[in-house]
Amino acid sequence: PIMADEIKSPEPLSPRSTVAIAADPQSDRILLAVPKKGRLYERVLSLLSGAGLNFTRMHRLDIAPCVRMPVTIVFLPAADIASYVGDGNVDMGITGQDIVAESEYETHVDTLMPLRMGKCRLSLQVPKGSVTTPEQLAGKRIVTSFPNLARRFFDPLDAKLGVKTTIRFVSGSVEAACNLGLADGIIDLVETGTTMEAAGLQAIADVMVSQTVLIANPRRMQSGPHKRLVDVIHQRIEGYLLAQQKCMVTYNISRALLKQAAIITPGHDSPTITPLEDPNSVAVSALVNKADVGDIMDRLRALGATSILQIDISNCRF
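This one's a predicted model, so the numbers in the text were calculated from it and none came from an experiment. (Residues numbered from 1 in each chain as written. Predicted model: local features only at pLDDT ≥ 70, side-chain atom pairs only at ≥ 80, totals over all residues. Heavy atoms only, no water.)

Quick word on the environment of Pro 218
Here is step 1 of the chain: Examined against the element boundaries, Pro 218 turns out to sit in the loop between β11 (212-216) and α7 (224-243).
Here is step 2 of the chain: The exposure class assigned to Pro 218 is partly exposed, which follows from its relative accessible area of 21%.
Here is step 3 of the chain: In the structure, Pro 218 is positioned 167 residues away from Ala 51 in sequence and 22 Å away in space, judged by C-alpha atoms. (Helix = DSSP H or I, 4+ residues; strand = E, 2+ residues; numbered from the N terminus. Buried < 20%, exposed > 50% of the residue type's maximum accessible area, 1.4 Å probe, protein only.)

Here's the deal with the sheet that holds strand β13 (residues 272-275)
Here is step 1 of the chain: Read from one edge to the other, the open sheet built from four strands follows the order β13-β14-β12-β15, with strand pairing classed as antiparallel. The open sheet has two edge strands with one neighbour each: β13 and β15 (306-312). Taken pair by pair, the neighbouring strands of this sheet meet at an average axis angle of 20 degrees, ignoring direction.
Here is step 2 of the chain: Pairing of β13 with strand β14 (residues 281-289), which is carried by four bridges, proceeds in the antiparallel orientation. Bridge pairing in β14 links Thr 274 to Ala 283.
Here is step 3 of the chain: Across the sheet, helix α9 (residues 293-303) touches β12 (246-254), β14 and β15, and the angle it forms with β15 is around 165 degrees. (Pairing = 2+ DSSP bridges. Axes fitted to C-alpha atoms, helices over the stretch in contact; angles between N-to-C directions. Contact = heavy atoms within 4.5 Å.)

Let's talk about the sheet that holds strand β1 (residues 30-35)
Here is step 1 of the chain: Reading across the sheet, the six strands line up as β2-β3-β1-β4-β11-β5 and stay open at both edges, with mixed pairing between neighbours. Where the open sheet ends on each side, the last strands, each with one partner, are β2 (63-65) and β5 (110-114). Adjacent strand axes in the sheet meet at a mean angle of 25 degrees when their direction is disregarded.
Here is step 2 of the chain: Running at roughly 145 degrees to β1, helix α2 (residues 41-50) makes contact with β1, β3 (71-76) and β4 (92-96) of the sheet.
Here is step 3 of the chain: Most of the contacts of helix α3 (residues 78-87) go to β4, to which it runs at about 140 degrees, and overall it touches β1, β3, β4 and β11.

Quick look at the pattern of salt bridges
Here is step 1 of the chain: One pass over the structure, following the stated rule, counts eleven salt bridges.
Here is step 2 of the chain: For Glu 106, the salt bridge identified is with Arg 152, shortest N-O distance 3.1 Å. Here Glu 106 is found in the loop between α4 (97-102) and β5, whereas its partner Arg 152 is found in helix α5 (residues 147-161), with 46 residues between them in sequence.
Here is step 3 of the chain: For Glu 106, a relative accessible area of 36% puts it in the partly exposed group.
Here is step 4 of the chain: Connected through shared salt-bridge partners, Lys 36, Arg 57 and Asp 62 make up one network. (Salt bridge = Lys/Arg side-chain N within 4 Å of Asp/Glu carboxyl O.)

Overview of the nonpolar core
Nonpolar side chains in soluble globular proteins tend to end up buried together.
Here is step 1 of the chain: Among the nonpolar cores identified, the biggest contains 31 residues, and Leu 32 and Val 71 are the most heavily contacted of them.
Here is step 2 of the chain: Within the residue set of this core, elements represented by two or more residues are β1, α2, β3, β4, β5, β11 and α7.
Here is step 3 of the chain: Counting residues per element, this core draws most heavily on α7, at six residues.
Here is step 4 of the chain: When sequence neighbours within four positions are dropped, the list of residues in contact with Val 71 reads Arg 29, Ile 30, Leu 32, Leu 53, Ala 64, Pro 65, Cys 66, Leu 229 and Ile 233. (Core = buried A, V, L, I, M, F, W, Y, C linked by side-chain atoms within 4.5 Å.)

Some details on the environment of Ala 203
Here is step 1 of the chain: One can find Ala 203 in strand β10 (residues 201-210).
Here is step 2 of the chain: Each C-alpha atom, one on Ala 203 and one on Pro 127, is 8.9 Å from the other, the two residues being 76 residues apart in sequence.
Here is step 3 of the chain: Non-local contacts of Ala 203, meaning those with residues more than four positions away in its chain, are made with Ser 123, Leu 124 and Gln 125.

Considering the packing of α2 against α7
Here is step 1 of the chain: Running from N to C, α2 and α7 point in directions that differ by 105 degrees, and their axes come no closer than 8 Å. Regarding the angle of α2 to α7, the classification is roughly perpendicular. Two secondary-structure elements touch here, α2 through Ser 46, Leu 47 and Gly 50 and α7 through Ile 237, Tyr 240 and Leu 241.
Here is step 2 of the chain: Grouping the amino acids of the contact of α2 with α7 by side-chain chemistry returns four nonpolar, two polar and no charged. (Parallel < 35°, antiparallel > 145°, perpendicular 65-115°, else oblique. Nonpolar A, V, L, I, M, F, W, Y, C, P; charged D, E, K, R; others polar.)

Here we look at the packing of aromatic side chains
Here is step 1 of the chain: Within the structure shown, the criterion is met by three aromatic pairs.
Here is step 2 of the chain: When the ring of Tyr 41 is compared with that of Phe 75, the centres are 6.4 Å apart and the planes differ by 50 degrees; the resulting orientation is tilted. Placement of the pair is Tyr 41 in helix α2 and Phe 75 in strand β3, with a sequence separation of 34 residues. Take Tyr 41 and Phe 75: they sit in the same class, and that class is buried.
Here is step 3 of the chain: Of the aromatic side chains, those joined through ring pairs into one cluster are Tyr 41, Phe 55 and Phe 75.
Here is step 4 of the chain: Above the ring of Phe 75, the side-chain terminus of Arg 57 is found at 3.9 Å from the ring centroid. (Phe/Tyr/Trp six-rings, centres within 6.5 Å; stacked < 30°, edge-to-face > 60°. Lys NZ or Arg CZ within 6 Å of the ring centre and 35° of its normal.)

Section: the confidence of the model for the protein
One rule of thumb: low pLDDT means the predicted coordinates there are not for detailed reading.
Here is step 1 of the chain: With 91% of its residues at a pLDDT of at least 70, the protein reaches an overall mean of 90.
Here is step 2 of the chain: Confidence drops under a pLDDT of 50 for residues 1-13, and excluding neighbours within four residues, the segment shows ten contacts in the predicted structure. (pLDDT = per-residue confidence, 0-100.)

Quick word on unusual backbone geometry
Here is step 1 of the chain: Positive phi values are uncommon outside glycine, yet Glu 104 reaches one of about 60 degrees.
Here is step 2 of the chain: Within the secondary structure, Glu 104 sits in the loop between α4 and β5.
Here is step 3 of the chain: Even without being a glycine, Arg 116 presents a positive backbone phi close to 55 degrees.
Here is step 4 of the chain: Structurally, Arg 116 is set in the loop between β5 and β6 (120-127).

In structure tokens form, the structure reads like this:
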């Protein structure tokens, strides 16, 4: 008999092996690639759950079939997702605009929608008090994790000034390069700027502004079954994101004040009006922006509305 402690866990699969197992050209399933770790991982999982793309991920396995849809989630390094989608290894992906641009796959994927998360700037940073313009860095040393975007940024300046900027790739801790004497400037992602400030750096230009996006392989968008499923996934994610910005407000109001109340809560198409037992009053339900709900409830109360409630929504379609 084999004892339990003699059973070894399987070695983790490489990304290409993972996709090879999941992919089947004859299958109607959609392969959706998401980051397998990093700053966006938990937020992407929440997004998928909110959109109804529910799955169970087995330990040490980077593929997970959804339970009620013909969709398989494939967990990949974020930096590889754009190329996998562009090459047709997977059908859809969630990754950063900066990753799509750096991989030079902008023309090989369709960007379906921004996901309003992971907003950041790819910024040119220099030691404080050194230089103030990108032109002053042309011909010098730049360290970055985005060599293609860095080259694209400096090539026009090099051509204009007749110099050649040295672009050096590093995979991490880019902000330390200047203090270590490896670079005259860096290009790196900045969210709050706290890390760069602590490293004694300041921004002198933005290479690009980035956020997380939903992308798809254009060829998959052309075929019937796959296109319909891509559209459904797109709509689900869009509905979930919109629902995070909206909520329902319900209240009772006299018929005499209904027109004024409807100005405060016009709803998406129009407010829903429901008669009450009291013939002089109605119940009103309306979709409002969540950011404005406090002010809206105050105005309704001042107008004379009663039983004012805020009701959160988890998803929607319009």
